[in-house]
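Listed below, chain by chain, are the residues.
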Amino acid sequence: MLARVDRVLDVSWLREEVSDCYCPNDGRPGIDPEAAVRLMLAGLLTGIVHDRKLIREAQVNIAIRWFAGYGLHEQLPHHSSLTRIRQRWGEERFRRIFKRTVQACLKAKIATAEVVHIDASLIRANVSWDSLTEQHVVDVLSENQSEDERKARQSGKYKKVCTTDPDATMATNARNRRLEPAYKQHTAVDDKVGVILDVAVTTGQTNEGEMIEPQVDEVEAITGIDIKVVTADAGYAYAKVYGALERRGIDALIPAKAEPIKSRVPLRRFRYDAKNDILKCPRGRILRPARPIKHGRFFYSKAKDCTRCPLKGDCLSKGRVNKAVVVGDHYPALLRARRRRERWTKQDRHLYQRHRWRSEGFHGEAKTWHGLARAIRRGLPNMKIQAYLTAAAINSSGWQPLSLRLFCLGLSLRMRLRLQIGRGASFDAGARIARRCIAPKSIGHFFNDPRVHFMRNVLADAGKSGRRVLSAFIATAFAQDDAEAAKAQWRKVADQLRPKLPKLAAFMDDAEPDVLAYMSFPPQHRAKLHSTNPIERLNGEIKRRTEVVGIFPNEDAIVRLVGAILLEQNDEWAVQRARYMTLETIAPLSDDPIVGLPAVAG
């Protein structure tokens, strides 16, 4: 990882950028700015987020020393020096480092900035639960609170504050989860290969809808390219968001939420006339705008129009003589978005699906592998620096043509294909097939247990009452003696389910070749072929051995290591007592009638 990032990372411009932060005279020698940034990025790339642990690891890790530019005989800086550097430089300089990675990705044409996925994620603040407290005035006035105020306090209106990190506010990502002190990261991700185009960090209680408009402007300012499509989840489905994107000529792929029905005569039954700026009720009476509010206006009807209306009992609240309706500032844009949502094309739905694993995939990777699940330091400026460096690290690592994990999966895939096509086939033939099949979709098919994962997907939507019956129904196909009988039973089950469960039947039609592929082999092989446990154990051993080494100088080095592991496994499967595939059962599958033991790797 560090070797591949080093090929594309260029921070030589940083010395001149931060020259005003250092004394021009011959004083105490300072730390090279490029070396300091490389140390920080090496920590994030390897999942070491704390400065103390990073320096301890760099003392003995040759890869980190080489990446940061320190020789074996050179002394590494003290961990507190990295903290002082962040304080001295400020968040804006780290944002420029991140912007440089975006511009480099655009120059390399691995990002287009035309289709942008925007999403937000909460980051837990680095504070203790004991540091949370409520404002003193709330406790003083608690005796004078009314019943409504007490309910509001229980519902979260009176949120706690953190004494050690006031910038972190209480927030949650689900109604059934408690409030936690957190920050919120707003991210814009490019559609092509997932380059992060912009990162903004706010307090946890900031609403996503308030950030999408400035973030779109910032992306266009950084890239110099006009955005064509913006995708976001339903958390951004506000009228002001649709209106802002319409003014910029951007197509918004945001699923509009249905209007909440709080009255027997909901707002959707009132027709808005944008040309005359009036609202018509279901009976054709006119409501005119009057008092403005923060995000809209009140529309009022005349009392005489509502006096004899047959809908008066359902439409008017108790004690009112006329109808008052609040209409948002960008209500026409919201109506157009709702109509557009009903007419989404196949390409629109495909783009929205990509939004889920592009934007949410970035947040998952940043939190799982780069330490962004929790703030390392306290304060909003420090949180921004952490987010900028993490995004810069992921953008730099995104240049890699093939990751180490995919490379190992490809080697294991070749081995499995060699076993499946029989001992009589050559390894080169299996390797040629494997090279054509090394793709995310192919790897998913080969390395997931087809029967187990198929049943999980099917039973997930079956409900508790129907899972047992449906599982037994589909299992009848697995109990057949040969492939033809299994396929016939599979189609019979699918046809019986088709009238009541058409989606499930179609799913079975698509999954039949993958799920029943193991039935083409002799019965002695099926118990080990319908499960990928041996292959998963092999992949786990490859991963363990490669992580021990840490870094490889070139691809030949990893081929030698992983190849040795595969040869050992091949010999074990060939000569052990409970063989993976015996010679006697392999012989009918091979084109060559002469079958012999393979050469053992000594």
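Caption draft 1: View of unusual backbone geometry. One non-glycine residue, Lys109, lies in positive phi territory at about 65°. Take Lys109: it is sitting in the loop between α7 (91-107) and β1 (115-124). One non-glycine residue, Asp277, lies in positive phi territory at about 55°. Positionally, Asp277 belongs in the loop between β9 (271-273) and β10 (278-280).

Caption draft 2: Region of interest: the packing of helix α6 (residues 79-89) against α7. At their nearest, the axes of α6 and α7 sit 6 Å apart, and the two run at 95° to each other. Taken as axis vectors, α6 and α7 run roughly perpendicular relative to one another. On α7, the residues touching Arg86, Arg88 and Trp89 of α6 are Glu91, Arg93 and Phe94. A per-class count over the contact of α6 with α7 returns 2 nonpolar, no polar and 4 charged.

Caption draft 3: Up close: the pattern of salt bridges. Using the criterion set out here, one finds 28 salt bridges in the structure. The partner of Glu213 in a salt bridge is Arg248, and the shortest N-O contact between them spans 3.1 Å. Remark: Arg248 occurs in the loop between α11 (239-247) and β8 (251-253) and Glu213 occurs in helix α10 (residues 212-223); sequence separation between them is 35 residues. Residue Arg248 is classed as partly exposed on the basis of its relative accessible area of 28%. Arg248 serves as the salt-bridge partner of Asp217, at 2.8 Å between the closest nitrogen and oxygen. Of the two residues, Asp217 sits in helix α10 while Arg248 sits in the loop between α11 and β8, which places them 31 residues apart along the sequence. The structure contains a network of salt bridges with shared partners spanning Asp6, Arg15, Asp32, Glu34 and Arg38.

Reading guide: rules and limits
Residues numbered from 1 in each chain as written. Predicted model: local features only at pLDDT ≥ 70, side-chain atom pairs only at ≥ 80, totals over all residues. Heavy atoms only, no water. Helix = DSSP H or I, 4+ residues; strand = E, 2+ residues; numbered from the N terminus. Axes fitted to C-alpha atoms, helices over the stretch in contact; angles between N-to-C directions. Parallel < 35°, antiparallel > 145°, perpendicular 65-115°, else oblique. Contact = heavy atoms within 4.5 Å. Nonpolar A, V, L, I, M, F, W, Y, C, P; charged D, E, K, R; others polar. Salt bridge = Lys/Arg side-chain N within 4 Å of Asp/Glu carboxyl O. Buried < 20%, exposed > 50% of the residue type's maximum accessible area, 1.4 Å probe, protein only.

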